[in-house]
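Overview (structure and organization)
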Amino acid sequence: MTFTVDRETVVEGEVVEVAWECQGAERVELTIDNGLRTSVLPLETAGTKRFRLNRSKGRTRLTLSATILDKTYSKTLRVRVKKMPVMKAETLDHNGKPLNALRHWWRQTVEKGRTLKAKEKLRMQQLPEKKQVAMKGMAIIGIVMLLSLAWPRLYTLGMMALMVYFAVVLMKR
């Protein structure tokens, strides 16, 4: 039984070619194990096949199994699969000018804030009304507590704001 692979090291997405010959075999199978998933392919007794190795946990095992007179023989080859190199791209503004690092960071932060705000708004809408009131009250209390650490006089102002908020909620009903 002969079994070869054209390359022992590839980058994710590259193609390898395997060749095999199993004279007198009744059944031939190729098992591909990339560490994430295992696939078994029935094969002819001799030939070549090309495979694209997309995902792997570093090593992909190719095992050729041949059954000859009710005995199974196998040979395993390993192909090292390297991660595709990360390409760094330059971020451009709407005029096509490169953003400096600070402006880029600020835009990412603002975008993350908008996404977080939208997700939180959706979560709040899914809560019952009483829980929405409780969550808003807890948020106000939290903000008041944080601000009162720096400016103790804001504690009274914050508690007044909380009372006004609860009064408005009660008046709506």
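Everything in this summary refers to the structure shown in the same document. (Residues numbered from 1 in each chain as written. Predicted model: local features only at pLDDT ≥ 70, side-chain atom pairs only at ≥ 80, totals over all residues. Heavy atoms only, no water.)

Within the chain one finds three helices and eight strands. Going from N to C terminus, the chain has its helices and strands arranged as β-β-β-β-β-β-β-β-α-α-α. A compact globule built from 173 residues would reach a C-alpha radius of gyration of about 16 Å, whereas the chain, at 32 Å, exceeds it by more than 25%. In terms of its C-alpha atoms, the chain occupies a principal-axis envelope of roughly 90 × 45 × 30 Å. Sequence-distant contacts in the chain: of pairs separated by 6 or more residues, those separated by 24 or more amount to 53%. When the accessible area of the chain is evaluated, it comes to approximately 13,600 Å², of which 58% is carbon and sulfur surface. In the chain, the 32 positive side-chain charges and the 16 negative ones have mean positions that sit 16 Å from each other. (Helix = DSSP H or I, 4+ residues; strand = E, 2+ residues; numbered from the N terminus. Rg over C-alpha atoms; globule rule 2.2 N^0.38 Å. Contact = heavy atoms within 4.5 Å. Areas by Shrake-Rupley, 256 points an atom, 1.4 Å probe, with all protein chains shown as cover. Lys, Arg positive; Asp, Glu negative; His and termini not counted. Charge placed at Lys NZ, Arg CZ, Asp CG, Glu CD.)

Bringing the sheet that holds strand 3 (residues 15-21) into the picture now. One open sheet holds the three strands; their spatial order is 1-3-6, and the pairing between them is antiparallel. A strand with exactly one partner marks an edge of an open sheet, and here the two such strands are strand 1 (2-5) and strand 6 (46-52). Here the average twist between neighbouring strands, direction ignored, is 15°. Here strand 3 runs beside strand 6; their pairing, made up of seven bridges, is antiparallel. Bridging across to strand 6, Glu-17 finds its partner in Arg-50. (Pairing = 2+ DSSP bridges. Axes fitted to C-alpha atoms, helices over the stretch in contact; angles between N-to-C directions.)

So, on to the environment of Ala-66. By secondary structure assignment, the location of Ala-66 is in strand 7 (residues 59-68). Between the alpha carbons of Ala-66 and Met-1 there is a distance of 8.2 Å; along the sequence they are 65 residues apart. For Ala-66, the residues in contact, after removing those within four places along its chain, are Met-1, Cys-22, Ala-25, Arg-27, Val-28, Lys-71, Thr-72 and Tyr-73.

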